[in-house]
Each structure stands twice: as structure tokens, then as C-alpha cells.
Amino acid sequence: DELTINLFGSSENTYSVQINRNGTVKFDRAAPIYLSGLSIDSAKKRLIKSLSKLYTGLLSSDEVNKVELDLSLSKSRSIVVNIVGQVVAPGTYTISGFSSVLNALYAAGGPNEVGSYRNIKLLRNGKVNKTIDLYDYFVKGLYPNVYLRDQDVILVDVYNKQVDVSSGFKTNALYELK
């Protein structure tokens, strides 16, 4: 990812920095600052804390000496994820680094006719990092706040049990049981 950092107020400067493979950015006369995986707000707080050694006005409450920091993402990197198991189009996908599991599943066509919506595993470094139940999203609107990293694997298992509701309910459909 590439970030643009604007400093304004009693000091003015603009930096265009790239997050390196170690997840850090480097400024002259400062130690590397680890930003990988942070939100823009969290990265901004960490930058203010670290750069306050160079720009003392970042922590100043005095309006004359105050320095403000504005952080924006100027370029995002792509990541490669593998989507396997019971999906319409399993394979390797190159997607935005801001993509979620839901975005990746959409790219793969979603679970197929025997794929589970309730038992989707995010594998990271060969281990189950998170198990996702999409019914929370479908029924309650709770978005699975799980973002992907390069080389993650999404595994969609076969559904365990289903029930066909054809009468007596407001929403008749095929439901997956836990």
C-alpha cells in the first residue's frame, strides 16, 4: 500500500511512503513504523505518536505551534487468495487488499448447491483463523468484519443439515441448520 501523509500548521510537509514487505514505513531520522493491518485511524494515531519526535507540534495544544497530520491511502495493493471447496468457481483470485471474505466469495460465485453458508473457514498459514456464519449477515445484517491477507485460503465446506420450509412461515425457503 502507498500512503500520503500531509503535515500542516506550524510545519508543512508531504510524504508519499510505501508500506514495505515487513509492514513498516521509514522516515529520515526516525525508526521504522509498523502499520501493516491497521485501519487508517489506527495508523494515523501511530504515525502521530512516532513522528512527534520529529514534529513536536503534533502533540501540542498550543494553536501557534500545532501541527496537524492528514493520512490517506493513495494506492492499495492486491492480494492473492485461494477459494476452495464447495463454491461455484473455485480457484485463485487476485483481489483488492481491502476485500473481505464476503467480497471474495462473491468473486467465486458463492457457495454451490451443496456448499455451506454457515461453516466457511478462513485459513491463514495453514490454520483455521476464523469460522464465518453468513446467516448473521443475511438475517441480522451483521457484516463479517474479517479482512483478508495475501495467501489466505477460504474453504467452504459441504452443508451439514438443511430443512425445506414450504408452508406455515412468512419466508418459505431452504434453510441450513447449524
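Higher on the page you've got the structure.
Here the structure is a predicted model, which is why all the values come from computation and not from measurement.

K.L.:
Quick rundown of helix H1 (residues 40-51)? Include the residues and the values.
P.N.:
In a regular helix each residue adds 1.5 Å, so twelve residues correspond to 16 Å; H1 covers 16 Å between its end C-alpha atoms and thus fits that length. Of the residues making up H1, those classed as buried are Ala-43, Leu-47 and Leu-51. Each buried residue of H1 sits inside an arc of 50° when the element is viewed along its axis, so together they form one side. Opposite the packed face of H1, turned more than 90 degrees from it, sit the exposed residues Asp-41, Lys-45 and Lys-49. Considering only its buried residues, H1 is in contact with strand E1 (2-9), strand E3 (24-25), strand E4 (33-34) and strand E5 (67-75).

K.L.:
Go over the nonpolar core with me, naming the residues and quoting the values.
P.N.:
Residues Val-81, Ile-83, Val-101, Leu-105, Ile-120, Leu-148 and Ile-154 are the most contacted members of the largest nonpolar core, which totals 19 residues. Elements with a minimum of two residues in this core: strand E6 (78-85), strand E7 (91-96), helix H2 (101-107), strand E8 (115-124) and strand E10 (153-158). It is H2 that provides the largest number of residues to this core, a total of four residues. With near-sequence residues (within four places) excluded, Leu-105 lies in contact with Ile-83, Val-87, Gly-110, Ile-120, Leu-134, Ile-154 and Val-156.

K.L.:
Which residues make up the side chain of Lys-121, and what are the values?
P.N.:
Residue position: Lys-121 is located in strand E8. Under the relative-accessibility criterion, Lys-121 is labelled buried at 19%. Only 2.7 Å separates the side chain of Lys-121 from the side chain of Asp-157, close enough to count as a polar contact.

K.L.:
Talk me through the packing of aromatic side chains; I want residue IDs and the actual numbers.
P.N.:
Inspection of the entire model under this criterion finds four aromatic pairs. Of the aromatic side chains, those joined through ring pairs into one cluster are Tyr-117, Tyr-135, Tyr-137 and Phe-138.

K.L.:
Talk me through the sheet that holds E1; I want residue IDs and the actual numbers.
P.N.:
Across the sheet, which stays open at both edges, the three strands sit in the order E2-E1-E5 with antiparallel pairing between neighbours. Looking at strand neighbours, the two that pair on one side only are strand E2 (13-18) and E5, the edges of this open sheet. Across this sheet, the average inter-strand angle for adjacent strands is 20°, counted without regard to direction. Bridge analysis of E1 against E2 gives six bridges, and the strand direction is antiparallel. Bridged to Leu-7 within E2 is Asn-13. Of the strands in this sheet, E1 and E5 touch H1, which is tilted by about 135° from E5.

K.L.:
Lay out unusual backbone geometry with the relevant residues and their values.
P.N.:
With a phi close to 55°, Asn-125 is a non-glycine residue in the positive phi region. Considering the arrangement of structural elements, one finds Asn-125 in the loop between E8 and strand E9 (127-132). The backbone of Gln-151 shows a phi angle near 75°, a positive value even though the residue is not glycine. Topologically, Gln-151 is positioned in the loop between helix H3 (135-140) and E10.

Criteria and cut-off values
- Residues numbered from 1 in each chain as written.
- Predicted model: local features only at pLDDT ≥ 70, side-chain atom pairs only at ≥ 80, totals over all residues.
- Heavy atoms only, no water.
- Helix = DSSP H or I, 4+ residues; strand = E, 2+ residues; numbered from the N terminus.
- Expected span 1.5 Å × (residues − 1).
- Buried < 20%, exposed > 50% of the residue type's maximum accessible area, 1.4 Å probe, protein only.
- Arc of directions from axis to C-beta.
- Contact = heavy atoms within 4.5 Å.
- Core = buried A, V, L, I, M, F, W, Y, C linked by side-chain atoms within 4.5 Å.
- Polar contact = N/O pair within 3.5 Å; in protein donor to acceptor, adjacent residues only side chain to side chain.
- Phe/Tyr/Trp six-rings, centres within 6.5 Å; stacked < 30°, edge-to-face > 60°.
- Pairing = 2+ DSSP bridges.
- Axes fitted to C-alpha atoms, helices over the stretch in contact; angles between N-to-C directions.

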